[in-house]
Amino acid sequence: MKLNIAVLPGDGIGPEIIEQALRVTEVVCEKFGHELSYEYGIVGASAIDQVGNPYPDGTHELCMASDAVLFGAIGDPKYDNNPSAKVRPEQGLLAMRKKLGLYANLRPVSTFPTLVHKSPLRSDLVDGADFMCVRELTGGMYFGRPQGRSEDGDTAYDTCVYTREEVERILHLSYKYAQMRRKKVTVVDKANVLATSRLWRQVAQEIEKQYPDVETEYMFVDNAAMQIIQWPKRFDVLVTENLFGDILTDEASVITGSLGMLPSASIGIHTSVFEPIHGSYPQAAGKNIANPLATILSAAMMFEYAFELKEEGKLIREAVNASMDAGVVTEDIASKEGKAYSTSQVGDWIVNYLKR
Ligand code: IPM
Ligand code: MN
């Protein structure tokens, strides 16, 4: 098969972790006889520095012309601490999601046997947890207008907007994934307070009838935040709106033991994007210490979701598990007695495993 991908390393640790994921992608393509071609694009703070735009047209054209996008991370502290900056790196990520029509963000949460000890949660609670968060990605408060400040600057507003069509498409997708999994959907909302949530719930109550083989439950987001920690094994597919999904998936990463382990796939109308859920971790940038596994696992999702190459994805996951079993891991997930390896050493080990 011919794989034509766009590579957007972005900011902070982005370039280092992407390098490892790309090496893994190359080796897997060689091994399975696929022809890989890729091209780099700029995005985020580094794109602002170069051309003044966090998602330049050239990058968008590259993404549109590719079969998949492998994405690192964006964000820079010089913008985080400057609330009056007119152009922000995050706008690049949001523009990319909107322009590519990436309305569904799939964030699988599962535990790794060798990492259970790293979770601050009791191992009997997290061991074996395995669920998929489906986060709506192009609606809600992130994109609702009006958004801004009053003239005197002392009042600010964001608007949460959802249309029936936006809710329907993400729910259908969630039910389809549930049918391939353990056949349970948890719809997370705040229907006791928010009008958009009441639309979500009403639409979900209609759609659930079309999937009688799937069990549906409804949960308020505050309760869901608690249940994710208290009883993660109860979830199979959890679907929710953009902002709730952002917050709940960072929370859910605690189950796996490290934010450095969670991959994601953003899918929708145009080219799909594969990226770790963590940020640009600027404190670690250039130090060769960041955990590349979330990005490598995102490459595994790329094989599976963008190209339907299941064996390839499975092999990458196997290699990641093997590296953890062998204790070849970065400092964030190293055991107390164990040595910490560098980003590139972890990449080397996995590449060698894949070459066997
Ligand atoms: C994420 C990130 C982004 C988001 C930021 C960087 C805009 O936190 O992908 O979860 O809030 O969606
Ligand atoms: Mn987030």
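Just so you know, these numbers come straight off a predicted model, no measurement behind them.

What counts and how
- Residues numbered from 1 in each chain as written.
- Chains lettered and ligands numbered in written order.
- Predicted model: local features only at pLDDT ≥ 70, side-chain atom pairs only at ≥ 80, totals over all residues.
- Heavy atoms only, no water.
- UniProt positions renumbered as here; feature names shortened; annotations may be inferred.
- Helix = DSSP H or I, 4+ residues; strand = E, 2+ residues; numbered from the N terminus.
- Near = heavy atom within 4 Å.
- Polar contact = N/O pair within 3.5 Å; in protein donor to acceptor, adjacent residues only side chain to side chain.
- Areas by Shrake-Rupley, 256 points an atom, 1.4 Å probe, with all protein chains shown as cover.
- Domains from an automatic or database assignment.
- Pairing = 2+ DSSP bridges.
- Right-handed = clockwise from strand over helix to strand, strands pointing away.
- Contact = heavy atoms within 4.5 Å.
- Buried area = accessible area lost by both parts, 1.4 Å probe.
- Salt bridge = Lys/Arg side-chain N within 4 Å of Asp/Glu carboxyl O.
- Buried < 20%, exposed > 50% of the residue type's maximum accessible area, 1.4 Å probe, protein only.
- Arc of directions from axis to C-beta.
- Axes fitted to C-alpha atoms, helices over the stretch in contact; angles between N-to-C directions.

Observations regarding the UniProt feature "domain: Isopropylmalate dehydrogenase-like" (unreviewed entry) in the chain
Here is step 1: As recorded in UniProt, the sites labelled "domain: Isopropylmalate dehydrogenase-like" (unreviewed entry) are residues 4–350.
Here is step 2: The span residues 4–350 is 43% helical and 18% strand by assignment, and the distance between its end C-alpha atoms comes to 23 Å.

Quick word on the site of ligand 1
Here is step 1: If you check the shell around ligand 1, you find Glu90, Leu93, Arg97, Arg107, Arg135, Tyr142 and Asp246 and nothing else.
Here is step 2: Between an oxygen atom of ligand 1 and a side-chain N or O atom of arginine 107, the distance comes to 3.0 Å.
Here is step 3: In this structure, an oxygen atom belonging to ligand 1 sits 2.9 Å away from a side-chain N or O atom of aspartate 246.
Here is step 4: Across the complex, the protein chains shield 78% of the 320 Å² of accessible surface that ligand 1 would expose by itself.
Here is step 5: Counting residues per element, the shell around ligand 1 draws most heavily on helix H5 (residues 89–99), at 3 residues.
Here is step 6: Residue contributions to the shell around ligand 1 reach at least three from each of two domains, namely domain 1 (1–107 + 262–355) and domain 2 (116–257).

Details of the pairing of strand E9 (residues 215–220)
Here is step 1: Two elements, strand E8 (residues 184–189) and E9, share 6 bridges in a ladder whose sense is parallel. Bridging across to E9, threonine 186 finds its partner in glutamate 217.
Here is step 2: A crossover links E8 with its parallel partner E9, the connecting element being helix H8 (residues 195–207), and its sense is right-handed.

Focus on the domain arrangement of the chain
Here is step 1: With domains assigned, the chain is organised as domain 1 (1–107 + 262–355) and domain 2 (116–257).
Here is step 2: Contact residues are listed per partner, giving 20 residues for domain 1 and 22 residues for domain 2.
Here is step 3: Together, the buried faces of domain 1 and domain 2 total about 1,800 Å²; carbon and sulfur atoms form 63% of this surface.
Here is step 4: Here domain 1 and domain 2 share 0 salt bridges between them.

Quick notes on H5
Here is step 1: For H5, the set of buried residues is Pro89, Gly92, Leu93, Met96 and Arg97. Each buried residue of H5 lies within a common arc of 130° when the element is viewed along its axis, so the set occupies one face.
Here is step 2: Immediately downstream of H5, the backbone of glycine 101 shows phi near 65°, a positive value.

Quick notes on the sheet that holds strand E3 (residues 68–73)
Here is step 1: Spatial ordering of the open sheet is given by E2-E1-E3-E12-E11-E4-E5-E10-E8-E9, a layout of 10 strands whose pairing is mixed. The open sheet has two edge strands, strand E2 (35–40) and E9, and neither has a second partner. Averaged over all adjacent pairs, the angle separating strand axes in this sheet is 25°, with direction ignored.
Here is step 2: When strand E5 (residues 130–136) meets strand E10 (residues 237–240), the two strands line up parallel, connected through 4 bridges. Residue pairing across strands places methionine 132 opposite valine 237, the latter belonging to E10.
Here is step 3: Contacting E5, E8, E9 and E10, H8 runs over the sheet at an angle of about 170° to E9.
Here is step 4: Contacts between helix H9 (residues 221–230) and the sheet are confined to E5, E8, E9 and E10, with E9 contributing the most and set at about 105° to the helix.

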